[in-house]
Amino acid sequence: VMQASHRNMAQGVDYYMCAGVVVRDVPNQGRGVFATQAFAKGAQVARCPVLVLRHQLRLTEQSSFTNYIYDWEHPGEYGVAWGCGSLFNHSYHANVHYTKNFGTCDILFTATKDIAPGEQLQLNYNGSPDDQTPISKKGFDWDVIS
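Worth saying up front: this structure is predicted, and the values here are computed from it rather than measured.

How each quantity is defined
Residues numbered from 1 in each chain as written. Predicted model: local features only at pLDDT ≥ 70, side-chain atom pairs only at ≥ 80, totals over all residues. Heavy atoms only, no water. Helix = DSSP H or I, 4+ residues; strand = E, 2+ residues; numbered from the N terminus. Buried < 20%, exposed > 50% of the residue type's maximum accessible area, 1.4 Å probe, protein only. Pairing = 2+ DSSP bridges. Salt bridge = Lys/Arg side-chain N within 4 Å of Asp/Glu carboxyl O.

Asks: Explain the side chain of Q120 to me, and be specific about the residues and the numbers.
Replies: With respect to the helices and strands, the residue Q120 is situated in strand β10 (residues 120-123). You can call Q120 buried: its relative accessible area is 16%.

Spelled out as structure tokens, the structure:
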């Protein structure tokens, strides 16, 4: 049994889930998020609400769902970001950084450098935009539950 939480949803918050971006197919990566407008360094790219899944979520390493979830506030909690929030691809030189907001149950995505229209928007799954630590299905933000 999977439980979902809508706790602490922010009242009166405007979510800009995909304004200024588009999701496209990317060879050898599935889907990716691309800018349709310029974003200056520090600009908000998206703010996506999160559906929090609790404790009973059981996945295998072969499940593609693990590529789309974030570790959340407490052990056993995982978040699915709506809109484009769970579709960013990884880069060791990311141009977008994410900040999880547990109190408002959303994720804010901001530009770490100037971004031109047509450029793919990428996160470093390690958290820090230039962290070179090798990623795997275990031990990074999209964590596998066995």
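Text resumes after the structure shown.
Asks: Give a description of the sheet that holds strand β2 (residues 21-26) that names residues and reports values.
Replies: Read across the open sheet, the 4 strands follow the order β2-β3-β10-β7; overall the sheet is mixed. What marks the edges here is a single partner per strand, and that holds for β2 and β7 (89-90). The pairing of β2 with strand β3 (residues 30-35) spans 6 bridges and is classified as antiparallel. Counted as the bridge partner of V26 is G30 from β3.

Asks: Which residues make up the pairing of strand β4 (residues 44-54), and what are the values?
Replies: Burial analysis of β4 places 9 of its 11 residues in the buried class, which makes it a mostly covered element. Two strands pair when backbone bridges link them, and β4 and strand β9 (residues 106-111) are joined in this way by 5 bridges, in the antiparallel orientation. Looking across to β9, one finds that P49 is bridged to D106. Where β4 meets strand β6 (residues 77-81), 5 bridges bridge the pair, whose relative direction is antiparallel. When the bridges of β6 are listed, L53 appears paired with Y78.

Asks: Could you give me a rundown of the pattern of salt bridges, with the residues and numbers involved?
Replies: Going through the model one piece at a time under the given rule, you end up with 2 salt bridges. The residue R31 makes a salt bridge to D25 at a minimum N-O spacing of 4.0 Å. Of the two residues, R31 and D25, neither departs from the other in class, the shared state being exposed. Residues D106 and R47 are paired through a salt bridge, measuring 2.8 Å at the closest nitrogen-oxygen approach. With a gap of 59 residues between them, D106 in strand β9 and R47 in strand β4 connect regions that are remote in the sequence. According to the relative accessible area criterion, D106 is buried, its value standing at 0%.

Asks: Residue-level account of the pairing of β10, with values.
Replies: Residue alternation in β10 divides its side chains into two sets, Q120 and Q122 and L121 and L123, and both sets are buried. Both β3 and β10 contribute to a ladder of 2 bridges, which runs antiparallel. Opposite F34, over in β10, you have Q120 as the bridge partner. Across 2 bridges, β7 lies against β10 in parallel orientation. When the sheet's bridge partners are listed, H90 is paired in β10 with L123.

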